[in-house]
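So you can see what is in the structure, the chains are spelled out below.
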Amino acid sequence: MEDEEMEKKVQQYLQRRGFRLTELALQEERNRLSTSSVSDVALARSENDPARYSDGYSKLRTWAYSSLDQYKHELLRVLYPVFIHCFMDLVAEGHTQEARSFFHTFREDHELMHSRDLQKLEGILSPSHLEYSYELLLQYLQKTQALVVLGIINERITFEVSAGQPSLISDDTDVVALVGTSKDLAKQINQKEVHWGLLEDSVEERMEKALLESEKTEAEIKDAEAEDNNKKKSEGGKQGGSVKKVKKDKVVGGATGKTNKSETSMVSVAPRVKPELTLPVMPIEVEQSILEDLRNRAQLNSLALPSVSFYTFLNTHNGLNCSSISHDGSLVVGGFSDSSVKVWDMSKIGQPSKTSSPQGENGPSQGERISASDDGKKSYTLFQGHSGPVYSAAFSPFGDYLLSSSSDSTIRLWSTKLNANLVCYKGHNYPVWDVQFSPVGHYFASASHDRTARIWSMDKIQPLRIMAGHLSDVDWHVNCNYIATGSSDKTVRLWDVQTGECIRMFIGHRSMVLSLAMSPDGRYMASGDEDGTIMMWDLSSGRCVSPLVGHNSCVWSLAYSCEGALLASGSADCTVKLWDVASSTKALKTDDSKVGSTNRLRMLKALPTKSTPVYTLRFSRRNLLFAAGALSLGS
């Protein structure tokens, strides 16, 4: 009432004094304020309307899907966080029914990429569910005035708070890691030096030198014969002979010179380093085999793509967990959920099996072989010994040994010549997800759910080194001095096998890392994740060279060609994709001052299968690409 009386007195004063313009201005201001108050009430009512979340998200979704293809992929990424916050705001405001309706209406948009998160969010039905264990912990510490513990938590421990149901005690190995702050830790770790070059006097280097010397000797002999013939001819004949000599040199270079040129440009220019592990002696017959492969190696580039041989597992009934192919493609192994390991010899496919009857009524003992046949057309060798599903299998570089890892927390070494189990390695406390031989054999690495990676040698039952903090995938550097591990924490780490120390941490993936591959020159590494993204890293600097975007599901396997010009990727989307990595790495080498790369690597070709997710890839020493997977009738 006092405000109204004051306004009346002011208006009377203005009229008495004749300030007409001021009186009109005051009247307009009074009308504007009254209109604003009405709109504020309407806005408050609209803010309480739960339908505004569904309308707003729906409009954003329609706009994103109708945008240009050039921008659509990046714009669609915004939908998921907006969807999550709209749902949680509805729950926080008490609109339970509207929140549930909103969740189920737009859930399909994110089911493929974020099914695990959606399963957790589905259990949130009331505002009380949005209270986190972290908040309850802080409330208790503050009420009880536990200042010492509160100070330790605030200063030393970093909590990652996420929505969903409280985790179970069985999930402890997934959520607890002594890593500190990721970005700060990565900066500190990545300052360490990495010797990414190839081994001194490596096998392939010796083979290349021997190959070049033999070609040089052959060329000299031909030149000497040509000179002897030319001496008997006239001067014009000598000129003609010199022309033929040049042509012969070109022919010799055409057979193997292309391979050597490619090897020299991509691999041989890499620096040489000394091995930190004692390397095994290579048999003479193996060296001869490698020499023969080098002589017949095909040169690959963006114009000359590899031939691909795809092995398809049939009638696995969703029991195949992993597969691997030997370096020459002659052997294929599969690890199954029934704890069995089966090896197929490609040379015997389609031939009648010599031993098609079971070995005794009581079955074989551990590690014993059974040769079975399917109507005499398909034969395999069965290895039994594990007591749980087999998650990984890998051949030695020369195919004479086979490693397998299982949920029974053991690793088994098998002989493909004796068809028997040689050693059972125990040490991990949880399922072993991956196991890989080193490039020279004898040593191998394993990665387990107990968040450790371990280095082993075939002649010792105890691990040589233990690297703590990671699980999932593991791969060797080409010089055997480092191993790389990928994990569910969305990072990749590089470890020194001599000290067991983490010397690189690669941050950039947005989902679990599932596959790794090292380039032949040892400078680059590729990693694939659950979302279908592949990232190529420079080991020297620790930064991402370029992302590879093209798959729309998990990338399960990666493989570099022998000269490092191409990268092959295999995915759960039933495709094999070939990428041109040579052009990007050359650009990086010419300008190392640039931070990052704005150009993504070029996809050269996509090779779709009919309905077979790609489990594994392997380039042979002759640059033939092998792939394997199990036919999925449900896809």
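Residues numbered from 1 in each chain as written. Predicted model: local features only at pLDDT ≥ 70, side-chain atom pairs only at ≥ 80, totals over all residues. Heavy atoms only, no water.

In the nomenclature of an unreviewed UniProt entry, the protein is known as TFIID subunit TAF5 NTD2 domain-containing protein of Leersia perrieri. The UniProt entry for the protein carries the following text under Subcellular location (unreviewed entry): "Nucleus". (UniProt positions renumbered as here; feature names shortened; annotations may be inferred.)

**Quick word on the overall build of the protein**
Within the protein, the secondary structure is distributed over 15 helices and 30 strands. Counting every position in the protein, which comprises 635 residues, the buried fraction comes to 43%. Long-range pairs, those at least 24 residues apart, make up 55% of the contacts in the protein with a sequence separation of at least 6. A total of about 34,600 Å² of accessible surface is found on the protein, and carbon and sulfur atoms cover 52% of it. (Helix = DSSP H or I, 4+ residues; strand = E, 2+ residues; numbered from the N terminus. Buried < 20%, exposed > 50% of the residue type's maximum accessible area, 1.4 Å probe, protein only. Contact = heavy atoms within 4.5 Å. Areas by Shrake-Rupley, 256 points an atom, 1.4 Å probe, with all protein chains shown as cover.)

**Focus: helix α14 (residues 284-295)**
In a regular helix each residue adds 1.5 Å, so 12 residues correspond to 16 Å; α14 covers 17 Å between its end C-alpha atoms and thus fits that length. Listed in full, the buried residues belonging to α14 are Val 286, Ile 290, Leu 291, Asp 293 and Leu 294. The buried residues of α14 occupy an angular sector of 160 degrees when the element is viewed end-on, so they sit on one face. α14 presents Ile 284, Glu 285 and Gln 288 as exposed residues on the side facing more than 90 degrees away from its buried surface. (Expected span 1.5 Å × (residues − 1). Arc of directions from axis to C-beta.)

**Quick notes on helix α6 (residues 96-106)**
Listed as buried for α6 are Ala 99, Phe 102, Phe 103 and Phe 106. Down the axis of α6, the sector holding all buried residues measures 100 degrees, keeping them to one side. Seen from the open side of α6, the exposed residues pointing more than 90 degrees away from its buried face are Gln 97 and Thr 105. In this fold, the buried residues of α6 make contact with α3 (51-65), α5 (79-92) and α7 (115-121).

**Topic: the packing of α3 against helix α4 (residues 69-76)**
Here α3 crosses α4 at 145 degrees, and the two axes come no closer than 8 Å. Judged by residue contacts, Trp 63, Ala 64 and Tyr 65 of α3 engage Lys 72, Leu 75 and Leu 76 from α4. (Axes fitted to C-alpha atoms, helices over the stretch in contact; angles between N-to-C directions.)

**Re the packing of aromatic side chains**
This model, assessed by the stated rule, comprises 18 aromatic pairs. A ring pair is formed by Tyr 391 and Trp 433, whose centres lie 4.8 Å apart and whose planes are at 50 degrees; its orientation type is tilted. Of this pair, Tyr 391 sits in strand β9 (residues 390-395) while Trp 433 sits in strand β13 (residues 432-437); the two residues are 42 residues apart in sequence, bridging distant segments of the chain. Here Trp 433 falls in the partly exposed class, since its relative accessible area comes to 29%. Connected via pairs of aromatic rings, a cluster forms that spans Tyr 57, Phe 83, Phe 87, Phe 102, Phe 103 and Phe 106. (Phe/Tyr/Trp six-rings, centres within 6.5 Å; stacked < 30°, edge-to-face > 60°.)

**Thoughts on the packing of α3 against α5**
Put simply, α3 and α5 touch, their axes get as near as 10 Å, and they point 175 degrees apart. By the angle class used here, α3 and α5 are roughly antiparallel. Contact with α3, carried on its side by Tyr 53, Tyr 57, Leu 60, Arg 61, Ala 64 and Tyr 65, involves Leu 79, Val 82, Phe 83, Cys 86, Asp 89 and Leu 90 of α5 and no other residues of that element. The residue inventory of the contact of α3 with α5, partitioned by class, reads 10 nonpolar, no polar and two charged. (Parallel < 35°, antiparallel > 145°, perpendicular 65-115°, else oblique. Nonpolar A, V, L, I, M, F, W, Y, C, P; charged D, E, K, R; others polar.)

**Considerations on the pairing of strand β14 (residues 443-448)**
Sheet faces and side chains relate simply in a regular strand, where the side chains alternate between the two faces. For β14, a buried count of six out of six residues is recorded, marking the element as mostly surrounded by other parts of the structure. Of the two faces of β14, the one lined by Tyr 443, Ala 445 and Ala 447 and the one lined by Phe 444, Ser 446 and Ser 448 are each fully buried. Sheet topology note: the β13/β14 ladder contains five bridges and is antiparallel. Residue pairing for β14: Asp 434 is matched across the bridge by Ala 447. What sits between the antiparallel neighbours β13 and β14 is a turn of five residues, in which Gly 441 has the positive phi angle 80 degrees. With five bridges joining them, β14 and strand β15 (residues 452-457) adopt antiparallel strand pairing. Residue Phe 444 lies in a different strand from β15, and its bridge partner there is Trp 456. (Pairing = 2+ DSSP bridges.)

**Side note on the sheet that holds strand β3 (residues 308-313)**
The mixed open sheet is built from three strands, whose spatial order is β3-β30-β29. Edge strands, defined here as strands with exactly one partner in the open sheet, are β3 and β29 (616-619). Neighbour-to-neighbour, the strand axes of the sheet open up by a mean angle of 15 degrees, direction not taken into account. Pairing of β29 with strand β30 (residues 625-630), which is carried by four bridges, proceeds in the antiparallel orientation. Looking across to β30, one finds that Leu 617 is bridged to Ala 627.

**Brief notes about the UniProt feature "repeat: WD" (unreviewed entry) in the protein**
Using the residue numbers shown here, the UniProt feature "repeat: WD" (unreviewed entry) corresponds to residues 313-347, 383-415, 425-466, 464-505, 506-547 and 548-589. The straight-line gap between the two end C-alpha atoms of residues 313-347 is 16 Å; of that span, 0% is helix and 51% is strand. Structurally, residues 383-415 is divided into 0% helix and 58% strand, and its ends, taken at the C-alpha atoms, are 10 Å apart.

**Quick notes on the sheet that holds strand β25 (residues 555-560)**
Strand order in the open sheet made by the four strands is β25-β26-β27-β28, with antiparallel pairing throughout. In the strand order of this sheet, the two ends are held by β25 and β28 (602-608), each with one partner. Along the sheet, successive strands turn relative to each other by an average axial angle of 20 degrees, direction set aside.

**Topic: the environment of Leu 125**
Here Leu 125 is to be found in the loop between α7 and α8 (133-143). For Leu 125, a relative accessible area of 37% puts it in the partly exposed group.

**Observations regarding the side chain of Ser 406**
Locating Ser 406 in the fold gives a position in strand β10 (residues 401-406). For Ser 406, a relative accessible area of 0% corresponds to the buried category. A polar contact of 3.2 Å, which involves the side chain of Ser 406, links it to the backbone nitrogen of Asp 408. (Polar contact = N/O pair within 3.5 Å; in protein donor to acceptor, adjacent residues only side chain to side chain.)

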